[in-house]
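# Breakdown of the fold
Okay, here's what each chain looks like letter by letter:
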Amino acid sequence: MTIQLFELVGRDDRRFSPYCWRTRMALEHKGLAYETVPTRFTDKDLISFSGQERVPVIRDGGTVVFDSWAIAEYLEAQYPDSPSLFGGAKGHGLARFVNVWTDRTLHLALIKLVIADILNHTDPADHAYFNESRTARLGKSPAEIQTRSETDVKAFGAALAILRAALDEYDYLSGDAPAYADYIVFGAFAWSRGISDYPLLKTDDPVYAWRARMLAMFDGMPLKAVGYDV
Ligand SMILES: N[C@@H](CCC(=O)N[C@@H](CS)C(=O)NCC(=O)O)C(=O)O
């Protein structure tokens, strides 16, 4: 049966939700058949069946799951014979750490560098909603936040340094082969690529090489998504 993935979409079919990217990569990793249902920020009616207002949401037959972490856990439990996302209980615990670090450190550093670019790539129907909801949440408008000050660029650089150090030992964050921890972090880069031409990485950075390997996965599916090649 084909799983439905309700996924954030912007102008020109841009898919820029880091959380939806985690789910998309997880579905690919497990080799599951899925179709995406493009969902704008203001398409709340499309996902009202899930009882909440955020994507990703998946519908697998009669089962509805939301929240990217809960979806990954569901897929792992429901499809144990497909390639594992976590590689067992220890990997599950470590992926949880990566999930929390990415949400709280990497995303907070990245959003300051690209939030106005998000605004400029939302569907016109979402423009005012995104501007107003983020200004209320963050206390400043996207245009005021995205100054790319030296402090903000440094904070992102500090987060990158963690990834670089981890990749010094292994080709992937999960070890010799990619798994869910890689998809969590990759979501941040896929998000940025979808909406911003700001070059986050230098070409000689091992994180750049890792991102290139991630973009080439699943027959280049992530690379084929609309985005900037920076
Ligand atoms: N913890 C959730 C976060 C999901 C989330 O925040 N999704 C954003 C898109 S990136 C959303 O749907 N926002 C709706 C809104 O701002 O109205 C997850 O991991 O799935």
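The shown structure was predicted, so the numbers you read here are calculated from the model rather than taken from an experiment. (Residues numbered from 1 in each chain as written. Predicted model: local features only at pLDDT ≥ 70, side-chain atom pairs only at ≥ 80, totals over all residues.)

## Section: the domain arrangement of the protein chain
How big an interface is tends to be reported as the loss of accessible area on association of its parts. Which entries qualify depends on this criterion: The domain boundaries here were taken from an automatic or database domain assignment. Each residue is represented by a C-beta atom placed from its backbone, and any two residues with such atoms within 7 Å are regarded as in contact. Strands here mean DSSP runs of E at least two residues long; helices mean DSSP runs of H or I at least four residues long; both are numbered from the N terminus. Each residue receives one of three labels: charged for Asp, Glu, Lys and Arg, nonpolar for Ala, Val, Leu, Ile, Met, Phe, Trp, Tyr, Cys and Pro, and polar for the others, Gly being one of them.
Domain annotation of the protein chain identifies domain 1 (3-78) and domain 2 (89-218). Distance from the C-alpha centre of domain 1 to the C-alpha centre of domain 2: 19 Å. Of the residues lining the interface, 18 residues belong to domain 1; the matching set on domain 2 comes to 21 residues. If one sorts the elements of the side of domain 1 that touches domain 2 by residue count, helix α1 (residues 18-29) sits on top with 7 residues. A class-by-class count of the residues in the side of domain 1 that touches domain 2 yields 9 nonpolar, 3 polar and 6 charged.

## A short note on the pairing of strand β2 (residues 34-39)
What counts is decided by this rule: The pairing criterion is simple: DSSP has to find at least two bridges between the two strands. Note on handedness: a clockwise path from strand one over the helix to strand two, with the strands aimed away from the viewer, defines a right-handed crossover.
Bridge analysis of strand β1 (residues 3-8) against β2 gives 6 bridges, and the strand direction is parallel. Pairing of Leu 8 across the sheet is with Thr 39, part of β2. In this fold, β1 hands off to α1, which returns the chain to β2; that crossover is right-handed.

## Structural notes on the nonpolar core
The line we're drawing: For the purposes of this analysis, a nonpolar core is taken to be any set of buried Ala, Val, Leu, Ile, Met, Phe, Trp, Tyr and Cys residues that are connected through C-beta atoms within 7 Å. Residues with at least 20 other C-beta atoms within 10 Å of their own are called buried, those with 12 or fewer are called exposed, and the rest are partly exposed. The C-beta atoms themselves are positioned from the backbone.
Within the largest apolar cluster, 55 residues are counted, with the highest numbers of intra-cluster contacts made by Ala 26, Tyr 180, Val 185 and Phe 186. Per-element tally for this core: the top contributor is helix α7 (residues 180-195), with 11 residues. Counting residues domain by domain, this core receives three or more from each of domain 1 (3-78) and domain 2 (89-218). Ignoring anything within four residues of it in the chain, the contact list for Tyr 180 reads Ala 26, Ala 72, Leu 85, Phe 86 and Ala 95.

## Focus on the pairing of β1
Of all 6 residues that make up β1, 5 are buried, and the element is covered over most of its length. Across 3 bridges, the pairing between β1 and strand β3 (residues 57-60) is antiparallel. Residue Leu 5 lies in a different strand from β3, and its bridge partner there is Ile 58.

## Side note on the packing of helix α6 (residues 150-167) against helix α8 (residues 206-215)
Packed helices, taken two at a time, are described by the angle their axes make and the gap between the axes. Note the following rule: The axes used here are C-alpha line fits, helices contributing only the stretch in contact, and every angle between their N-to-C directions lies in the interval 0 to 180 degrees. Here is the rule for angles: anything less than 35 degrees is roughly parallel, anything more than 145 is roughly antiparallel, 65 through 115 is roughly perpendicular, and the remaining ranges are oblique.
Contact geometry for α6 and α8: axes closest at 9 Å, N-to-C directions at 75 degrees. Judged on the interaxial angle alone, α8 and α6 are roughly perpendicular. Judged by residue contacts, Leu 160, Leu 163, Arg 164 and Leu 167 of α6 engage Pro 206, Val 207 and Trp 210 from α8. Split by residue class, the contact of α6 with α8 holds 6 nonpolar, no polar and 1 charged.

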